[in-house]
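What follows is the residue order along each chain.
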Amino acid sequence: MTSPDRAGAVLTVDLDAVAANWRRLNDRLPAGSECAAVVKADAYGLGAGKVAPALAAAGCRTFFVAHVEEGVRLRSLLPSVAIFVFHGPAPGTESDFLAHRLTPVLNAPDQIERWGRFAAQRGGLPLEAALHVDTGMARLGLAPADALALADDRRKLDGLRLVLLASHLACADDPAHPLNRTQLRDFSAIAARFPGPGRSLANSSGMFLGPDWLFDLARPGAALYGVNPTPDHPNPMAPTVRLEGKIIQVREIDTPQSVGYGATHRAAGKERIATVAVGYADGYLRSLGNRGSGYLGDLRVPLVGRVSMDLATFDVSAAPEDAARPGAVIELIGPRHTVDALAAQAGTIGYEILTSLGNRYHRRYVGEKEAHERA
Ligand SMILES: *Cc1c(COP(=O)(O)O)cnc(C)c1O
């Protein structure tokens, strides 16, 4: 872990804000419905080791990860919550699921067979599983016809206990998209053929489509971490991360010259360039070149020139000299410049900004009773 003095930037993660976001989402659910948390990809880059326990302390009982390895790590932190693994059981990992009490999401006929065979070899109590039905992604999940065939002939589910039936929305961030209703209709039709297991359809944005999409269990990820689940409306979630990049040099330009690789920015006259120790190797995306911006105090400062591997350059000509100096910080993500705003400048989504957050930053975790540093 990089010390604050050595690091080029400080990333502050507000665990209270993550917990508050979970409560806010949980409050949207009708009685009897449960709000889970998706903590795959290291809790979207925020650090699952800190975020997941904070969510559990807030009351979250069910977690989702993508890889079995993520599940194994999460289990070591949270002995008593339910952990589902989206990718399901790969050959050779069955006993890992059992040893760490991870519930596989079964996505395809071969995974159902594999988990069923494992259950048969073991004998004893049925093994828990979730079943994922594809209703519009063509990515993971049983094709609807295969799901209906399985409902007709359940022998493949012998030895298994389905605890969850899930599907995933393709266009939930666009409430007007007709696919939302089509997926709801198809999921409901399939769910009617699988009585018993809880049903789960909504991701973050899906939780804002209306009560019909909520079912028994919601699976938000991004909204927990402050990404706006309703892109056409003000963000109902609290921001959770702040990224402050350190200025390591201020370059005074007084005769016209260019800035950075490719000479893509040209200072026509006097200009002051603050060079910050954050670059694309830290997940500060190269596509921000000549488009991004940050805040020096309350002053918006444009990113000029290309983003390099370890550095980015900002035009701080409008700032007082004592504000733009080595050691001062430029807010790259924070209350003035949200994850979504940065993502828009980079031509991507908040999800990619968060999951790209670099490991050279000094990470500070605040909230959850006292501020603490990651070891
Ligand atoms: C990642 C993921 C989620 C969470 O989605 P968000 O948009 O981040 O809320 C839910 N379900 C599945 C299957 C996922 O892969």
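Before reading on, note that the structure itself is shown above.
Residues numbered from 1 in each chain as written. Predicted model: local features only at pLDDT ≥ 70, side-chain atom pairs only at ≥ 80, totals over all residues. Heavy atoms only, no water.

Moving on to the overall build of the protein. Looking only at helices and strands, the protein has 10 helices and 20 strands in total. For the protein, the proportion of its 375 residues judged to be buried stands at 52%. For the protein, restricting intrachain contacts to residue pairs at least 6 apart in sequence, the fraction spanning at least 24 positions comes to 65%. Between the averaged position of the 40 positive side-chain charges in the protein and that of its 40 negative side-chain charges there is a distance of 1 Å. (Helix = DSSP H or I, 4+ residues; strand = E, 2+ residues; numbered from the N terminus. Buried < 20%, exposed > 50% of the residue type's maximum accessible area, 1.4 Å probe, protein only. Contact = heavy atoms within 4.5 Å. Lys, Arg positive; Asp, Glu negative; His and termini not counted. Charge placed at Lys NZ, Arg CZ, Asp CG, Glu CD.)

Here the focus is the pairing of strand S4 (residues 62–65). Residues of S4 alternate between two faces, with Thr62 and Phe64 on one and Phe63 and Val65 on the opposite face, all of them buried. Inspection of the sheet shows strand S3 (residues 37–38) paired to S4 by two bridges, in the parallel sense. Within S4, the residue paired with valine 38 across the bridge is phenylalanine 64. Both S4 and strand S5 (residues 82–85) contribute to a ladder of four bridges, which runs parallel. Following the sheet pairing, threonine 62 is matched in S5 by alanine 82. Assessed by its sense of winding, the connection that carries the chain from S4 through helix H4 (residues 68–77) to S5 is right-handed. (Pairing = 2+ DSSP bridges. Right-handed = clockwise from strand over helix to strand, strands pointing away.)

What follows deals with the site of the ligand. Neighbouring the ligand are 13 residues, the closest being Lys40, Tyr44, Ser204, Ala222 and Tyr351. At a separation of 2.5 Å, an oxygen atom of the ligand approaches a polar side-chain atom of serine 204. Computed on the free molecule, the ligand has an accessible area of 390 Å², of which 92% lies beneath the protein chains in the complex. In this structure, the ligand is accommodated by the largest pocket. Across the shell around the ligand, the residue classes tally to six nonpolar, four polar and three charged. (Near = heavy atom within 4 Å. Polar contact = N/O pair within 3.5 Å; in protein donor to acceptor, adjacent residues only side chain to side chain. Areas by Shrake-Rupley, 256 points an atom, 1.4 Å probe, with all protein chains shown as cover. 1 Å grid on protein atoms, 1.4 Å probe; cavity = no way out; pocket = protein on both sides within 12 Å on 5 of 7 lines; lining within 4 Å. Sits in = over half its atoms within 2 Å of the grid points. Nonpolar A, V, L, I, M, F, W, Y, C, P; charged D, E, K, R; others polar.)

This part is about the packing of aromatic side chains. Taken as a whole and judged by the stated rule, the model has seven aromatic pairs. For the ring pair tyrosine 44 and tyrosine 351, a centre distance of 6.0 Å and an interplane angle of 40° mean the geometry is tilted. Within this pair, whereas tyrosine 44 is found in helix H2 (residues 40–44), its partner tyrosine 351 is found in helix H10 (residues 350–355), the two being separated by 307 residues in sequence. Under the relative-accessibility criterion, tyrosine 44 is labelled buried at 6%. The exposure class assigned to tyrosine 351 is partly exposed, which follows from its relative accessible area of 30%. Look at phenylalanine 187 and phenylalanine 215: their rings are 5.1 Å apart centre to centre, the planes differ by 90°, and that puts the pair in the edge-to-face class. (Phe/Tyr/Trp six-rings, centres within 6.5 Å; stacked < 30°, edge-to-face > 60°.)

Right, let's get into the pattern of salt bridges. Pairing between side chains of opposite charge can happen when the charged atoms of each approach one another. Considering all chains together, one arrives at 13 salt bridges under this definition. When the shortest N-O distance is used, the salt bridge between arginine 161 and glutamate 128 registers 2.6 Å. Of the two residues, arginine 161 sits in strand S8 (residues 160–166) while glutamate 128 sits in strand S7 (residues 127–132), which places them 33 residues apart along the sequence. For aspartate 153, the salt bridge identified is with arginine 155, shortest N-O distance 2.9 Å. For aspartate 153, a relative accessible area of 30% corresponds to the partly exposed category. Here arginine 155 falls in the exposed class, since its relative accessible area comes to 61%. Overlapping salt bridges bring together Arg242, Glu244, Asp298, Glu331 and Arg336 as one network. (Salt bridge = Lys/Arg side-chain N within 4 Å of Asp/Glu carboxyl O.)

Turning next to the layout of surface pockets. Counted as a void, the largest pocket has a volume near 730 Å³. Around the largest pocket sit 36 residues that line it, and Lys40, Tyr44, His168, Asn203 and Tyr351 are the ones nearest its centre. Mapped by element, the contributors of at least two residues to the lining of the largest pocket are H2, helix H9 (339–346) and H10. Taken together, the residues that form the lining of the largest pocket break down as 20 nonpolar, 11 polar and five charged. (Points joined across faces, edges and corners; volume = space filled by probe spheres on them.)

A general feature of soluble globular proteins is that nonpolar side chains tend to end up buried together. Counting 112 residues, the largest nonpolar core has Leu55, Phe63, Tyr225, Tyr284, Phe314 and Ile330 as the members making the most contacts within it. Sorting elements by how many residues they give to this core places helix H3 (residues 48–58) first, with seven residues. Ignoring anything within four residues of it in the chain, the contact list for tyrosine 284 reads Val278, Gly279, Ser293, Leu303, Val307, Ala312, Phe314, Leu332, Leu342 and Tyr361. Core analysis: the second largest hydrophobic core is formed by five residues, Ile253, Val259, Ala267 and Ile273 among them. (Core = buried A, V, L, I, M, F, W, Y, C linked by side-chain atoms within 4.5 Å.)

Here we take up the environment of glycine 292. Tracing the backbone shows glycine 292 in the loop between strand S14 (271–276) and strand S15 (293–296). Each C-alpha atom, one on glycine 292 and one on alanine 143, is 42 Å from the other, the two residues being 149 residues apart in sequence. Sequence-distant contacts of glycine 292, defined by excluding residues within four places in its chain, comprise Pro302, Leu303 and Gln345.

Reading across the sheet, the seven strands line up as S3-S4-S5-S6-S7-S8-S9 and stay open at both edges, with parallel pairing between neighbours. Taken across any chain shown, the strands that pair with only one partner, and hence form the sheet edges, are S3 and strand S9 (198–200).

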